[in-house]
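Per-entry structural report
Listed below are the residues making up each chain.
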Amino acid sequence: MHDNDVNPLKLVTKLGLNRRQFFAATTGVAAAVTLTGTAAAQAATGGSGANGVLIPAPRRGIILYTVRDAVSRDPLTSPYASGFKEVLTELSSIGYRQIEFAGFRQHANAEGGADLNTVAGAQQLRTWLDDLGLEAEGNHGSVPATITDANIAAFDAACEIANILGMGHIGTGSDPTSSAYVADWEAAAARWNFYGERAAAHGLKLYTHNHDIAYSFLLDSGPLDAAGRPTRSSGIRRLEHFLANTDPKYVHLEMDIFWAHVAQYKHKSYTAPDGSVVTSIFDPAAVVAAQTSRFPLFHAKDGKVDTTQANGYVMAPFGQGDIDYSTFLRRVGAKGSHNPMWEMDTAPGGTAAPNQSMELSKVSYDGMAALRG
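These remarks concern the structure in this document. (Residues numbered from 1 in each chain as written. Predicted model: local features only at pLDDT ≥ 70, side-chain atom pairs only at ≥ 80, totals over all residues. Heavy atoms only, no water.)

Bringing the pattern of salt bridges into the picture now. Once the charged atoms of two side chains with opposite charge are near each other, the side chains can pair. Taken as a whole, this structure holds 12 salt bridges when the rule is applied. A salt bridge links D130 to R126; its shortest N-O distance comes to 3.1 Å. One end of the pair is D130 and the other is R126, both in helix 6 (residues 119-131) and four residues apart, which spans about a single turn. The class for D130 is partly exposed, based on a relative accessible area of 35%. We classify R126 as buried; its relative accessible area is 14%. Across the pair R198 and D156 runs a salt bridge whose closest N-O atoms are separated by 2.8 Å. Here R198, found in helix 8 (residues 182-201), pairs with D156, found in helix 7 (residues 149-165); they are 42 residues apart in sequence, far enough to count as distant. For R198, a relative accessible area of 31% gives the class partly exposed. (Salt bridge = Lys/Arg side-chain N within 4 Å of Asp/Glu carboxyl O. Helix = DSSP H or I, 4+ residues; strand = E, 2+ residues; numbered from the N terminus. Buried < 20%, exposed > 50% of the residue type's maximum accessible area, 1.4 Å probe, protein only.)

Here it is as structure tokens:
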């Protein structure tokens, strides 16, 4: 190597970057150096045409909540993949390349012990991920409910774990608040702006994952109840208010596409200030398309229409439901740039089907790989 040549590995060490941060910093340089790489990437992902692959192979992911039974079972008594290492090995062999964690606990008899939410545990997980060609993308942890010195320190520690794992995102599976009232959402927005900026200082994007209730309407107007709270709505949905009052540089969302469609089915109307009932149909893809970069992650959860159920859908393996993912992913824009994580809350089969969650992981991976649009 000549003196003027740059050794990327030495540069990473010198700058104190993790692998993901280094590649992010050099992406623009690489794009300027070669245009043939873009053509090669398009070929690898099915091209940019109407019939191209909608979820490129490197972005096919899964949240480990889907296979929580496998992660938590005892490897000494089960003939199936058990604990993080064995489960990650099987998911990698299926073809998954992105992993979203749902905490860092496993069965105590699995390699590494029960709790890997430590620096040493994260380093062990990172070794397994790298060896298997997997990339950690995020985690459903928690965002502190208040801003205190102790909570800031705990959040910083979680960011450190995320960086050891090479994540680009850190988040939670809960809404910023469960309230229907504006004041609570404004307080939540201020708190998330604070922790989002702090996450960004660690090189991470903070995200919230939501179910249907977050897309219901705020109670922000009309007559007050006995407690002095509004009883009617101006037609603004909770997450719409949250998006409008948080900084897009620091606060992001992971849309669960199944629950967004449940919201479309359930939250169709509101009572206006004058007492009239107004119909307003939720459009999940339009919400994303309006600011697609704020939705770096999706939960690619499928569902079959079933109007006998309160939610209007029942969960299904990816590709076996009625949600039109081809149209959704084309409408949201930035084709191939999002990170869809397959999830199915009901994948674990219990004692009747002890390996069902892993089997459905293969079915759903094939469904993601087959998606065209």
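On we go.
The subject of this paragraph is the pairing of strand 4 (residues 169-172). On strand 4, burial covers both faces: H169 and G171 on one face and I170 and T172 on the other are all buried. In this sheet, strand 4 lies alongside strand 3 (residues 135-141) in parallel orientation, the contact comprising two bridges. Bridge pairing in strand 4 links H140 to G171. Where strand 4 lies against strand 5 (residues 205-210), four bridges are found, and the strand directions are parallel. (Pairing = 2+ DSSP bridges.)

A few words now on the side chain of R60. Structurally, the position occupied by R60 is in the loop between helix 3 (36-44) and strand 1 (61-63). Salt bridges are absent for the buried R60, whose nearest opposite-charge side chain, D366, sits at 7.9 Å. Not counting the four nearest positions on each side in its chain, R60 is found in contact with V53, I55, Y96, R97, Q98, P340, Y365, M368 and A369. (Lys, Arg positive; Asp, Glu negative; His and termini not counted. Contact = heavy atoms within 4.5 Å.)

These figures capture arrangement, not role.
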